[in-house]
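Structural overview for review
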Amino acid sequence: MINEMKNSSHNRFHRRHTVVPACLLAGLFFAACKPSEDGVQDVEDRLDRRVELVGEPNFRDLGGYRTADGRTVKTGIVYRSGKLSKLTDEDVGKVGELGVRTVISFLAPNEVEHDGADRVPDGVMEVSLPIDPRAGLEGILEELIHARKTGDFSKIPVEVNPEIHRVLVSEAREAYAGLFRKIIEDEKRPIVFHCSHGVHRTGTAAAILLSALGVPWETVREDYLLSNEYRKEEVLKRVEQLRDLAAEAEGVEPEEVDTTNIEAFYVLEGGYIDASLDEILKEYGTMDDYLRKGLGLSGKEIEALRAALLD
């Protein structure tokens, strides 16, 4: 599927366009994050769930959302984040003040070796449930690595993000089941789960968890798009770095570089996470069947999960 996707997209984005200026690119984040008229969270409410950390911008509370039957996901119980290896001493203290008991990492061993171990408060249990970011994406992995080093995203299709979320539905089942079972255990909560940036592996896990609790998908999508707001500064800087790398390699001015595919990779859209739901419905029929048959959770475990996280 990746190869077909790659071939169909390559020719469409081979030509150059004028790069989007930084001020306009910033606007893309707010356009992508804008809640629909049916959404239940306004911008102020959504920003309140963020835990301000110097070393990780995407650390936030997964609670506070309303379910379709009028219940509310408890706050202060489950947090989602990007990597914790860059936390400052003050950051570690803030995490400790949250009462966190367990940190679950989806990072593969080579990622931990590259970025360093998580920095967590004393006494916190660390659980590794690695999800190999390369699994199911072998057809495009080398090109993606090359693109990140050179800024040449001409061979990276704009459809790669939804494909990652589709792949995770099957490739990350063991890790996601492990996460949900840890959440069920009283003594393990509060829990933080994370990957590298809190976008793909963590984003899919959060979407499945919220949906399992009965949160409407429209709200699930909005939670996913919060990564655009919280990572805005980091992503803007990264897009500009890649644009400058590409300009140097091509021997042109930065303004002449086509940044379409770069922006498509780093600036999230709701359709990206929708792909995970599409895959679940395609393969299992319902979210409940995915929980039971895909993740192997029993009815008792599903009920315990909801009892633990819903008011």
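What follows concerns the sheet that holds strand S4 (residues 125-128). Pairing in this open sheet of five strands is mixed, and the strands run S1-S2-S5-S3-S4 from one edge to the other. Edge positions in the sheet fall to strand S1 (60-61) and S4, since each has one partner strand and no second. Bridge count for strand S3 (residues 102-105) against S4 is four bridges, and the pairing is parallel. Looking at the pairing, Thr102 lines up with Met125 of S4. Strands in contact with helix H8 (residues 173-184) are strand S2 (78-81), S3, S4 and strand S5 (191-194); relative to S5, the strand with the most contacts, it is inclined by about 170°. The strands touched by helix H9 (residues 201-212) within the sheet are S2 and S5, with S2 carrying the most contacts at an inclination of about 150°.

This next bit is on the pattern of salt bridges. Counting across every chain of the model gives 17 salt bridges. Asp89 serves as the salt-bridge partner of Arg119, at 2.7 Å between the closest nitrogen and oxygen. Remark: Asp89 occurs in helix H4 (residues 89-97) and Arg119 occurs in the loop between helix H5 (109-115) and S4; sequence separation between them is 30 residues. For Arg119, a relative accessible area of 32% puts it in the partly exposed group. A salt bridge links Asp288 to Arg292; its shortest N-O distance comes to 2.8 Å. With Asp288 and Arg292 both in helix H14 (residues 287-294) and four residues apart, the pair spans about one turn of that helix. When salt bridges that share partners are traced, they join Asp288, Arg292, Glu303 and Arg306 into one network.

A word on the environment of Thr72. For Thr72, the location among the structural elements is in the loop between S1 and S2. The spatial distance from the C-alpha of Thr72 to the C-alpha of Leu310 is 5.6 Å, given a sequence separation of 238 residues. Apart from residues no more than four positions distant in its own chain, Thr72 is found in contact with Gly64, Tyr65, Arg66, Leu309, Leu310 and Asp311.

With that settled, consider H9. For H9, spanning twelve residues, the distance from its first C-alpha to its last is 17 Å, which sits close to the expected 16 Å at 1.5 Å a residue. Of all twelve residues in H9, twelve are buried; the element is thus mostly enclosed. All of the buried residues along H9 are Arg201, Thr202, Gly203, Thr204, Ala205, Ala206, Ala207, Ile208, Leu209, Leu210, Ser211 and Ala212. Downstream of H9 by a residue or two, Gly214 has a phi angle that is positive, lying close to 100°.

Under the criterion given, the structure shown has seven aromatic pairs. With a centroid separation of 5.7 Å and 70° between ring planes, the pair formed by Phe106 and Tyr176 is classed as edge-to-face. Residue Phe106 is found in the loop between S3 and H5, and its partner Tyr176 is found in helix H8; the two are separated by 70 residues along the sequence. Relative to Tyr290, the ring of Tyr284 has its centre 5.2 Å away and its plane inclined at 70°; by these criteria the two rings are edge-to-face. Grouping aromatic residues by their ring pairs yields a cluster made of Phe106, Tyr176 and Phe193. In this structure, Arg49 is placed above the aromatic ring of Tyr65, and the distance from its NZ or CZ to the ring centre is 3.9 Å.

Moving on, we get to empty space enclosed by the protein. For the coordinates displayed, the defined rule picks out two cavities of 30 Å³ or more. By volume, the second largest cavity amounts to about 40 Å³. Every residue lining the second largest cavity is listed: Leu62, Val73, Lys74, Val78, Leu209, Leu210, Leu213 and Leu309. Taken together, the residues of the lining of the second largest cavity sort by class into seven nonpolar, no polar and one charged.

Right, let's get into the layout of surface pockets. Approximately 1,400 Å³ is the volume found for the largest pocket. Glu111, Arg148, Ser196, His197 and Tyr266 are the residues nearest the centre of the largest pocket, which is lined by 38 residues in total. Secondary-structure elements contributing two or more residues to the lining of the largest pocket are H5, helix H6 (138-150), helix H7 (160-171), helix H11 (232-250) and helix H12 (260-266). Tallied by class, residues from the lining of the largest pocket come to 17 nonpolar, seven polar and 14 charged.

How each quantity is defined
Residues numbered from 1 in each chain as written. Predicted model: local features only at pLDDT ≥ 70, side-chain atom pairs only at ≥ 80, totals over all residues. Heavy atoms only, no water. Pairing = 2+ DSSP bridges. Helix = DSSP H or I, 4+ residues; strand = E, 2+ residues; numbered from the N terminus. Contact = heavy atoms within 4.5 Å. Axes fitted to C-alpha atoms, helices over the stretch in contact; angles between N-to-C directions. Salt bridge = Lys/Arg side-chain N within 4 Å of Asp/Glu carboxyl O. Buried < 20%, exposed > 50% of the residue type's maximum accessible area, 1.4 Å probe, protein only. Expected span 1.5 Å × (residues − 1). Phe/Tyr/Trp six-rings, centres within 6.5 Å; stacked < 30°, edge-to-face > 60°. Lys NZ or Arg CZ within 6 Å of the ring centre and 35° of its normal. 1 Å grid on protein atoms, 1.4 Å probe; cavity = no way out; pocket = protein on both sides within 12 Å on 5 of 7 lines; lining within 4 Å. Points joined across faces, edges and corners; volume = space filled by probe spheres on them. Nonpolar A, V, L, I, M, F, W, Y, C, P; charged D, E, K, R; others polar.

Any functional reading would require information that these geometric values do not contain.
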